[in-house]
Number of protein chains: 2
Amino acid sequence: MDRIPILQVGDFLLVSIQVDMHDRLAMTLQDDLADQVVSKRASGVLIDISSLEVVDSFIGRMLGNMASMARVLGAEAVVVGMQPAVAITIVELGLSLTNVRTALNVDKGMELLRALVNPAAEEGGREHDQD
Amino acid sequence: MDRIPILQVGDFLLVSIQVDMHDRLAMTLQDDLADQVVSKRASGVLIDISSLEVVDSFIGRMLGNMASMARVLGAEAVVVGMQPAVAITIVELGLSLTNVRTALNVDKGMELLRALVNPAAEEGGREHDQD
């Protein structure tokens, strides 16, 4: 396993982290994600960490970095599926992740992304007139 | 790694296979998938195998089984992201996978699922009047 796949779902990218991330894998993922946000013109990134049972300060910081990177590239990022134990660890590590949006699962994360990316459409029932 | 996560995206379930599947992991995935199709009332299943670089007859048969299982539970299944080398291997193994629908990537797979699940809506430009 030398890289984590990044899936395109509509305008969004979906990363499902299933393996324990060693440092090089994490760096590769960051690079790949930045590349793909640009090349696929993604407007949002979903990072699913429902399989992660442990998290250390490195991974916590990486999540923050990926969200920030996505934002400077013009995409919104949402971390989804965080397990309660991981949330506790992140707080105990002193990583507040204030710049990271979270949602319960992929479905809710996608709703949140849609609302962030195109707030008018959400309010007005998917209107697309932008003149 | 004792199970592969199954993500819900709208009405569909998304399974991203990223690790080499040993037999027990594959059996667990089959069971989990059948459970989730029922409990989440999913109308479609996407199985992403873009990270799989090798496939043996067991995995090939498992893909067929998962697709058949989904179908008898009332959901459509699409395998997406198959690498050319994997396609060659599957044919050489004599697994025709005639009952498995495939698509290039998650995005196209999702389009295909939408068309399969709700053909009228696709033709008529997302109409939802079913009276």
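Structure: above.
Values in this document were obtained by computation on a predicted structure and should not be read as measured data. (Residues numbered from 1 in each chain as written. Chains lettered and ligands numbered in written order. Predicted model: local features only at pLDDT ≥ 70, side-chain atom pairs only at ≥ 80, totals over all residues. Heavy atoms only, no water.)

A. View of the relation of the copies chain B and chain A. For the match of chain B to chain A, the screw axis carries a shift of 0.0 Å, the RMSD comes to 0.0 Å, and the turn is 180°. Expressed as an axis order, the relation between the two copies is that of a two-fold axis. Both copies present the same face, since 100% of the interface residues in chain B are matched by interface residues at the equivalent positions in chain A. (Least-squares fit on C-alpha atoms with pLDDT ≥ 70 in both. Contact = heavy atoms within 4.5 Å.)

B. Seen up close, the interface of chain B and chain A. With 17 residues of chain B at the interface, the matching set in chain A holds 17 residues. With both sides pooled, the region where chain B packs onto chain A buries about 1,400 Å², and carbon together with sulfur makes up 58% of that total. When the buried surface of chain B facing chain A is broken down by residue, B:Leu7, B:Gln18 and B:Asp107 rank first, second and third, together holding 38% of it. Run the count over chain B and chain A and you get zero salt bridges. Along the contact surface separating chain B from chain A lie six residue pairs in polar contact (both at pLDDT 80 or more). The set of elements that each furnish at least two residues to the side of chain B that touches chain A consists of strand 1 (6-9), strand 2 (12-16) and helix 4 (106-117) of chain B. Tallied by class, the residues present in the side of chain B that touches chain A amount to nine nonpolar, six polar and two charged. (Buried area = accessible area lost by both parts, 1.4 Å probe. Salt bridge = Lys/Arg side-chain N within 4 Å of Asp/Glu carboxyl O. Polar contact = N/O pair within 3.5 Å; in protein donor to acceptor, adjacent residues only side chain to side chain. Helix = DSSP H or I, 4+ residues; strand = E, 2+ residues; numbered from the N terminus. Nonpolar A, V, L, I, M, F, W, Y, C, P; charged D, E, K, R; others polar.)

C. A look at the packing of helix 1 (residues 23-39) of chain A against helix 2 (residues 57-72) of chain A. Residues and elements named next belong to chain A. Remark: helix 1 packs on helix 2, axes separated minimally by 10 Å, with the N-to-C direction vectors making an angle of 10°. Classified by the interaxial angle, the pair formed by helix 1 and helix 2 is roughly parallel. Taking contact as the criterion, the partners of Asp23, Ala26, Met27, Leu29, Gln30, Leu33 and Ala34 in helix 1 are, on helix 2, Phe58, Met62, Asn65, Met66 and Met69. Its residues placed into classes, the contact of helix 1 with helix 2 shows nine nonpolar, two polar and one charged. (Axes fitted to C-alpha atoms, helices over the stretch in contact; angles between N-to-C directions. Parallel < 35°, antiparallel > 145°, perpendicular 65-115°, else oblique.)

D. Here's a closer look at the sheet that holds strand 4 (residues 76-80) of chain B. Residue and element names in this part refer to chain B. Spatially, five strands are ordered 1-2-3-4-5 in an open sheet, and the strand pairing comes out mixed. Each edge of the open sheet is held by one strand with a lone partner, namely strand 1 and strand 5 (101-103). Each strand axis lies, on average, 30° off the axis of its neighbour in the sheet, ignoring direction. In this sheet, strand 2 lies alongside strand 1 in antiparallel orientation, the contact comprising four bridges. Within the sheet, the bridge partner assigned to Leu7 lies in strand 2 and is Leu14. Contacting strand 1, strand 2, strand 3 (44-48), strand 4 and strand 5, helix 4 crosses the sheet at an angle of about 160° to strand 4. (Pairing = 2+ DSSP bridges.)

E. Structural context of the pattern of salt bridges. Residues and elements named next belong to chain A. Scanning the model with the defined rule gives four salt bridges over all chains in all. Here Glu76 makes a salt bridge to Arg101, at a shortest N to O gap of 2.9 Å. Of this pair, Glu76 sits in strand 4 (residues 76-80) while Arg101 is found in strand 5 (residues 101-103), placing the two residues 25 residues apart along the sequence. Look at Arg101 and you get partly exposed, because its relative accessible area is 32%. (Buried < 20%, exposed > 50% of the residue type's maximum accessible area, 1.4 Å probe, protein only.)

F. How the structure looks around the sheet that holds strand 4 of chain A. Residues and elements named next belong to chain A. The five strands lie next to each other as 1-2-3-4-5, forming an open sheet whose pairing is mixed. With partners counted over all chains shown, the strands left at the sheet margins are strand 1 (6-9) and strand 5, one partner each. With direction set aside, neighbouring strand axes in the sheet form an average angle of 30°. Packed onto the sheet, helix 1 meets strand 1, strand 2 (12-16) and strand 3 (44-48) and runs at close to 165° relative to strand 2.

G. Region of the structure containing the nonpolar core. Formed by 66 residues in total, the largest nonpolar core has its most connected members in A:Ile17, A:Met21, B:Ile17 and B:Met21. If we ignore the near neighbours within four places in the chain, the residues touching B:Ile17 are B:Ile4, B:Leu29, B:Ile47, B:Asp48, B:Ile49, B:Ser51, B:Leu52 and B:Met62. Core analysis: the second largest hydrophobic core is formed by 22 residues, A:Val80, B:Ala103, B:Met110 and B:Leu113 among them. (Core = buried A, V, L, I, M, F, W, Y, C linked by side-chain atoms within 4.5 Å.)

H. Focus on helix 1 of chain A. All names here are of chain A. Here helix 1 contains 17 residues, and its C-alpha end-to-end distance of 24 Å stays within 8% of the 24 Å for a straight helix at 1.5 Å per residue. Taken residue by residue, helix 1 has Leu25, Ala26, Thr28, Leu29, Gln30, Asp32, Leu33, Ala34 and Val37 as its buried positions. Buried residues in helix 1 make contact with strand 1, strand 2, strand 3 and helix 2. (Expected span 1.5 Å × (residues − 1).)

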